[in-house]
Amino acid sequence: AAYQRHLETCVPIAQAHDAAAIAVNDTRAFGRTGADGLHVDSGPADLADAVERSGGRHIIGAGGADTRHKALELGEARPDYMFFGRFGMDTRPEPHKKNLQLAEWWAAMIEVPCIVMGGNSLETLGVAAATGAEFVALSQAVFNEEAEPRDVVAAANGILETYQLSEVA
């Protein structure tokens, strides 16, 4: 219930700024709040179920792929994206090396787009962008006490343009 109330506040704000609002692992809150998509990191069966139920009407993304085998297993469900990293774990300036390796491998081999979790500093954004991932997710680099999120996102998108990435996820 608390997560649903949180989404009820956040979803309209994100959508008003032309950003997709993605719920995480909670199909009930996802359905009740009008979120644009659902991120599933609870396993292949849950992901396949979400993809099937969505019928292409919503964004369904996959997370929890910490090995190549698991990424391929999740990819069989044909999610709209594969996420390499863990929310809230961007605690260091540089992205996690394992996430970078998985994103680089995935981007070179698989058609499904991927997102790689960046570090908590824009100074290392190029490292994540160099993987070839279609998107780089930022959290603490954008949302911290010292930053104005709009300015950080604009700066990040400027950096990513040099790597031909779409935008910050």
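A short tour of the structure in this document, coming up. The shown structure was predicted, so the numbers you read here are calculated from the model rather than taken from an experiment. (Residues numbered from 1 in each chain as written. Predicted model: local features only at pLDDT ≥ 70, side-chain atom pairs only at ≥ 80, totals over all residues. Heavy atoms only, no water.)

## Some remarks on the overall build of the protein
Piece 1. When you go through the protein residue by residue, the secondary structure sums to seven helices and six strands.
Piece 2. Starting at the N terminus and walking to the C terminus, you meet the elements of the protein as α-β-α-β-α-β-α-β-α-β-α-β-α.
Piece 3. Relative to a compact globule of 169 residues, whose C-alpha radius of gyration would be 15 Å, the protein shows 15 Å and is just as compact.
Piece 4. The buried share of the protein, reckoned over its 169 residues, is 38%.
Piece 5. Across the protein, every contact between residues at least 6 apart in sequence was considered, and the portion connecting residues at least 24 apart equals 44%.
Piece 6. Carbon and sulfur atoms form 50% of the exposed surface of the protein, whose accessible area is close to 9,700 Å². (Helix = DSSP H or I, 4+ residues; strand = E, 2+ residues; numbered from the N terminus. Rg over C-alpha atoms; globule rule 2.2 N^0.38 Å. Buried < 20%, exposed > 50% of the residue type's maximum accessible area, 1.4 Å probe, protein only. Contact = heavy atoms within 4.5 Å. Areas by Shrake-Rupley, 256 points an atom, 1.4 Å probe, with all protein chains shown as cover.)

## Comments concerning the nonpolar core
Piece 1. Judged by nonpolar contacts, the single largest core of 38 residues is most densely connected at Met82, Phe84 and Trp106.
Piece 2. If you tally residues by element for this core, the top one is helix α5 (residues 97-109), at five residues.
Piece 3. The residues contacting Met82, other than those within four sequence positions of it, are Ala62, Ala65, Ala71, Leu74, Gly75, Trp106, Val112, Pro113, Cys114 and Ile115.
Piece 4. Residues Tyr81, Phe83, Met117 and Ala137 belong to the second largest nonpolar core, which totals five residues. (Core = buried A, V, L, I, M, F, W, Y, C linked by side-chain atoms within 4.5 Å.)

## Let's talk about the layout of surface pockets
Piece 1. Of the pockets and cavities examined, the second largest pocket occupies roughly 400 Å³.
Piece 2. Around the second largest pocket, the lining comprises 21 residues; the ones closest to its centre are Gly85, Arg86, Met89, His96 and Asn99.
Piece 3. Listing elements by their share of the lining of the second largest pocket, those giving two or more residues are β4 (81-84) and α5.
Piece 4. Tallying contributions element by element places α5 first for the lining of the second largest pocket, with four residues.
Piece 5. The class makeup of the residues in the lining of the second largest pocket is seven nonpolar, seven polar and seven charged. (1 Å grid on protein atoms, 1.4 Å probe; cavity = no way out; pocket = protein on both sides within 12 Å on 5 of 7 lines; lining within 4 Å. Points joined across faces, edges and corners; volume = space filled by probe spheres on them. Nonpolar A, V, L, I, M, F, W, Y, C, P; charged D, E, K, R; others polar.)

## Regarding the pairing of strand β3 (residues 59-62)
Piece 1. With four bridges joining them, strand β2 (residues 37-40) and β3 adopt parallel strand pairing. Bridged to Gly37 within β3 is Ile59.
Piece 2. With helix α3 (residues 44-54) bridging β2 and the parallel β3, this β-α-β connection has right-handed handedness.
Piece 3. Handedness of the crossover joining β3 and β4 through helix α4 (residues 68-75): right-handed. (Pairing = 2+ DSSP bridges. Right-handed = clockwise from strand over helix to strand, strands pointing away.)

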